[in-house]
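What follows is each chain in one-letter form.
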Amino acid sequence: MDNDSERPYDETEHARRAGSFGSHAEAYAEYRPSYPETAVRWALEPVAGEDVVRVLDLAAGTGKLTEVVARLDAEVVAVEPDPEMLAELRRRLPDVPTHLGSAEEIPVPDGSFDAVVVGQAFHWFDVDRALPEIARVLRPGGVVAALWNLEDDAVSWIAGLKEVSESSLPSARKWRDQRGFPDHPAYSDSEVAEFQHRQRRTTDSMVALVGTHSQVIVKDEVDRAQLLARIRGYLRARTETASGEFDVPMITGVLRAIRV
Ligand SMILES: C[S@@+](CC[C@H](N)C(=O)[O-])C[C@H]1O[C@@H](n2cnc3c(N)ncnc32)[C@H](O)[C@@H]1O
């Protein structure tokens with residue numbers, strides 16, 4: 001659902017890409033989009049009545065989602081397995097408590113959170129281990145929510161860009177085909193919502209964004225440079241993006257389920 005998988009599943013490639021982000025942590029923090037507050041509010045709505053909502057941002061990366069949760073006055077803790085991503089988060093959000101850890105082994109006590117949120121990362125988890133582990137750290141009635149920022153490829157220049165990018169752009173259409181958490185007895189059925197937003201970009205920042213996608217990070221230098229040059233050429237040739245700044249139409253897709 002991220003920048004993935006029109007190819008057959010390859011476990012080694014999956015692990016290599018899941019662990020690739022740290023080498024581009026600074027660019028990630030600079031160029032990846034944030035999440036609309038409305039989407040995060042919807043994710044947390046089932047636990048919104050609490051005096052203090054305790055939220056775990058799992059796979060927090062450089063803190064894109066952490067920062068939005070913190071703005072909503074929730075008490076947020078970030079967990080992330082990549083030391084370089086976590087270092088970037090700590091630099092940007094020094095007041096947020098953090099732990100090195102993964103979705104399969106979350107270093108916090110049982111029942112200690114009202115909500116677990118996951119931004120752009122649920123597809124990296126070993127779900128057979130992660131779903132019970134997330135259930136362990138949630139209190140009964142707590143919520144797990146997964147969010148994805150997706151370029152809206154119903155728009156023709158985005159669909160074209162996706163083709164040129166060799167699928168490295170997250171696809172709203174593909175997300176709609178796949179959405180729903182896998183069934184698990186610890187959770188209610190999934191609920192789904194979508195939120196529209198826009199990102200202001202230039203050719204340079206759009207190319208830099210694509211350069212932070214795992215599928216592009218793991219390419220060798222020559223292939224990577226060629227791909228990014230093709231994207232730059234495409235953006236310069238399209239009327240929608242040829243001159244100066246432009247808006248990228250985005251959809252934030254959210255799944256949530258209640259810990260029963
Ligand atoms: C695309 S980034 C998303 C970061 C952040 N949540 C955001 O919204 O920008 C994916 C993150 O998932 C982390 N990750 C990969 N495999 C993981 C796992 N098994 N458990 C927890 N985090 C994982 C990576 O280190 C990376 O920081």
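Residues numbered from 1 in each chain as written. Predicted model: local features only at pLDDT ≥ 70, side-chain atom pairs only at ≥ 80, totals over all residues. Heavy atoms only, no water.

### Thoughts on the layout of surface pockets
- In this structure, the second largest pocket occupies an estimated 420 Å³ of space.
- Lining the second largest pocket are 28 residues, and of these Ala59, Glu80, Pro81, Ala121 and Trp124 lie nearest its centre.
- When residues of the lining of the second largest pocket are traced back to their parent elements, those giving at least two are strand E1 (54-58), helix H4 (64-71) and strand E2 (75-80).
- Here the lining of the second largest pocket is built from residues that sort into 15 nonpolar, six polar and seven charged. (1 Å grid on protein atoms, 1.4 Å probe; cavity = no way out; pocket = protein on both sides within 12 Å on 5 of 7 lines; lining within 4 Å. Points joined across faces, edges and corners; volume = space filled by probe spheres on them. Helix = DSSP H or I, 4+ residues; strand = E, 2+ residues; numbered from the N terminus. Nonpolar A, V, L, I, M, F, W, Y, C, P; charged D, E, K, R; others polar.)

### Considerations on empty space enclosed by the protein
- Overall, the coordinates contain two cavities of 30 Å³ or more when judged by the stated rule.
- As a volume, the largest cavity reaches approximately 50 Å³.
- Taken together, Arg32, Pro33, Gln120, Asn149, Glu151, Pro170, Leu209, His213 and Met250 make up the full set of residues lining the largest cavity.
- Residue composition of the lining of the largest cavity, grouped by class: four nonpolar, three polar and two charged.
- Its boundaries defined by the atoms lining it, the second largest cavity holds a volume of some 30 Å³.
- Lining the second largest cavity are Tyr28, Arg32, Pro33, Tyr35, Lys64, Gln120 and Asn149.
- Tallied by class, the residues present in the lining of the second largest cavity amount to three nonpolar, two polar and two charged.

### Digging into the nonpolar core
- Leu58, Val116, Phe125 and Tyr187 are the most contacted members of the largest nonpolar core, which has 38 residues in total.
- Among all residues touching Val116, those that are not within four sequence positions of it are Leu56, Leu58, Ile134, Val137, Leu138, Val143, Val144 and Ala145.
- With 28 residues, the next largest nonpolar core counts Ala39, Ala78, Val96 and Ala193 among its residues. (Core = buried A, V, L, I, M, F, W, Y, C linked by side-chain atoms within 4.5 Å. Buried < 20%, exposed > 50% of the residue type's maximum accessible area, 1.4 Å probe, protein only. Contact = heavy atoms within 4.5 Å.)

### Details of the site of the ligand
- Not every one of the 21 residues close to the ligand is listed here, only the nearest: Tyr28, Tyr35, Ala59, Glu80 and Gly119.
- Between Gly119 and the ligand, the recorded distance is 2.8 Å, taken from a backbone N or O atom to a nitrogen atom.
- Out of a free accessible area of 600 Å², the ligand has 96% covered by protein chains.
- Of the residues in the shell around the ligand, the class split is 12 nonpolar, four polar and five charged. (Near = heavy atom within 4 Å. Polar contact = N/O pair within 3.5 Å; in protein donor to acceptor, adjacent residues only side chain to side chain. Areas by Shrake-Rupley, 256 points an atom, 1.4 Å probe, with all protein chains shown as cover.)

### Side note on the pattern of salt bridges
- Per the stated rule, a full pass over the model turns up 22 salt bridges.
- Across the pair Glu166 and Arg230 runs a salt bridge, and its minimum N-O distance is 2.6 Å. On the criterion of sequence distance, the pair formed by Glu166 in the loop between helix H7 (156-164) and helix H8 (172-178) and Arg230 in helix H11 (residues 221-237) is long-range, its members being 64 residues apart.
- In this structure Glu166 comes out as partly exposed when scored by relative accessible area, which is 32%.
- Assessed through its relative accessible area of 40%, Arg230 is described here as partly exposed. (Salt bridge = Lys/Arg side-chain N within 4 Å of Asp/Glu carboxyl O.)

### Some thoughts on the confidence of the model for the chain
- Averaged over every residue, the pLDDT of the chain is 94; the share at 70 or more is 97%.
- Counting interchain partners and residues more than four positions distant, the pLDDT-below-50 stretch residues 1-6 has 33 contacts. (pLDDT = per-residue confidence, 0-100.)

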